[in-house]
Amino acid sequence: MKKNTESNYINEQLYKEVSKVELSSLLPGISFPSRHDHAIVDKDGNILSFCSDNYNLRPNSTLFQPLEEQMKAEKIPFDRKVVIRDGTRFYVDYIIGDRVKGPTVNDILPKFSVWNSYDGTLRTVLTFGFYRVVCSNGLTVPHGKTVDFYKKHYKASKVADGIDISEMDSVNIMKPFREFLNSTKNYLGIFENL
């Protein structure tokens with residue numbers, strides 16, 4: 001039961017409803033610098049950070065939840081590791097349960113990480129890589145090269161590396177993730193040569 005309670009708490013924190021509001025609506029009659037005239041506020045009324053009108057709030061519920069639902073629908077086995085810092089920075093690793101094996105390198109698990117923040121200190125990040133199983137109980141450690149995509153939280157976004165991550169959501173994440181999973185044998189060849 002403890003793990004289930006812990007998981008519920010993590011989900012509550014990860015998917016807490018947030019919105020971007022004008023500070024003048026919270027504090028009428030007061031003027032603010034243009035770069036800090038908005039705030040990110042959670043459902044309980046807590047101000048999480050200050051931002052400008054150009055800040056593009058990307059709620060976690062639009063990233064992690066649909067992605068997990070899509071992986072479950074596609075029967076992709078995964079283990080989720082979540083780290084939340086100060087209620088504003090979110091790091092989620094998805095370690096895929098299907099091991100990749102090669103002639104000399106064995107027990108490699110594909111993984112990808114999705115990071116997001118509400119305070120502007122962290123870009124939305126999508127990173128692909130591997131975890132290596134180091135013992136029989138399934139302990140893993142990061143291993144090898146990663147493929148990274150970064151997206152700042154600005155309204156005016158551009159296409160990065162041929163992938164439009166301006167509206168990063170499960171559709172935009174799943175496409176490169178599937179490509180990564182389909183090419184894990186190719187990446188494994190790099191490890192074999194090392």
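Rules used throughout
- Residues numbered from 1 in each chain as written.
- Predicted model: local features only at pLDDT ≥ 70, side-chain atom pairs only at ≥ 80, totals over all residues.
- Heavy atoms only, no water.
- Helix = DSSP H or I, 4+ residues; strand = E, 2+ residues; numbered from the N terminus.
- Salt bridge = Lys/Arg side-chain N within 4 Å of Asp/Glu carboxyl O.
- Phe/Tyr/Trp six-rings, centres within 6.5 Å; stacked < 30°, edge-to-face > 60°.
- Buried < 20%, exposed > 50% of the residue type's maximum accessible area, 1.4 Å probe, protein only.
- Pairing = 2+ DSSP bridges.
- Axes fitted to C-alpha atoms, helices over the stretch in contact; angles between N-to-C directions.
- Arc of directions from axis to C-beta.
- pLDDT = per-residue confidence, 0-100.
- Contact = heavy atoms within 4.5 Å.
- Core = buried A, V, L, I, M, F, W, Y, C linked by side-chain atoms within 4.5 Å.

Caption draft 1: Looking closely at the environment of Ile95. Within the fold, Ile95 resides in strand β5 (residues 89-96). Sequence separation of Ile95 and Tyr131 is 36 residues, and the distance between their C-alpha atoms is 7.5 Å.

Caption draft 2: Representation of the pattern of salt bridges. A full pass over the atoms with the stated rule returns seven salt bridges. Of the charged contacts in the structure, one is a salt bridge between Lys16 and Asp42, with a shortest N-O distance of 3.7 Å. You can see Lys16 sitting in the loop between α1 (2-14) and β1 (18-22) and its partner Asp42 sitting in strand β2 (residues 38-42), a full 26 residues away along the chain. Where Arg89 meets Asp119, a salt bridge forms, and the shortest distance between an N and an O atom there is 3.1 Å. In this pair, Arg89 is assigned in strand β5 and Asp119 in the loop between β6 (108-117) and β7 (124-133), connecting sequence segments 30 residues apart.

Caption draft 3: Region of interest: the packing of aromatic side chains. The full count for this structure, using the stated rule, is four aromatic pairs. Residues Tyr91 and Trp115 carry aromatic rings whose centres are separated by 5.3 Å and whose planes lie at 70° to one another, so their mutual orientation is edge-to-face. Of this pair, Tyr91 sits in strand β5 while Trp115 is found in strand β6, placing the two residues 24 residues apart along the sequence. Given a relative accessible area of 23%, Tyr91 falls into the partly exposed group. What makes Trp115 partly exposed here is its relative accessible area of 27%. Aromatic rings pair up to connect Phe78, Tyr94 and Phe112 into one cluster.

Caption draft 4: Region of interest: the sheet that holds strand β3 (residues 47-51). Ordered in space as β1-β2-β3, the three strands form an open sheet in which the pairing is antiparallel. In the strand order of this sheet, the two ends are held by β1 and β3, each with one partner. Averaged over all neighbouring strand pairs, the angle between strand axes comes to 25°, with direction disregarded. Pairing analysis gives four bridges linking β2 to β3, with the strands arranged antiparallel. Following the sheet pairing, Val41 is matched in β3 by Ile47.

Caption draft 5: Main features of helix α3 (residues 64-73). Regarding α3, the residues found buried are Phe64, Leu67, Glu68 and Met71. The buried residues of α3 occupy an angular sector of 95° when projected down its axis, which confines them to one face. Exposed residues on α3 whose side chains face more than 90 degrees from its buried face are Glu69 and Ala73. The positive-phi residue at the C-terminal boundary of α3 is Lys75, with phi of around 55°.

Caption draft 6: Quick peek at unusual backbone geometry. In this model, Lys75 sits at a positive phi of 55°, which is unusual for a non-glycine residue. For Asp86, which is not a glycine, the phi torsion comes out positive at approximately 55°. With respect to the helices and strands, Asp86 occurs in the loop between β4 (78-85) and β5.

Caption draft 7: Representation of the environment of Leu63. Within the secondary structure, Leu63 is located in the loop between β3 and α3. Residue Leu63 is classed as buried on the basis of its relative accessible area of 0%. Once the C-alpha coordinates of Leu63 and Asn116 are considered, the two residues, 53 residues apart in sequence, prove to be 8.6 Å apart.

Caption draft 8: Structural context of the confidence of the model for the protein. Overall, the prediction assigns the protein a mean pLDDT of 75, with 65% of residues at 70 or greater. With pLDDT under 50 throughout, residues 135-150 is counted as low confidence; its partners more than four residues away or in other chains account for 46 contacts.

Caption draft 9: How the structure looks around the nonpolar core. Of all hydrophobic cores here, the largest spans 26 residues; its most connected members are Phe64, Met71, Tyr94, Phe112 and Phe177. Top element by residues in this core is β5. It accounts for four residues.

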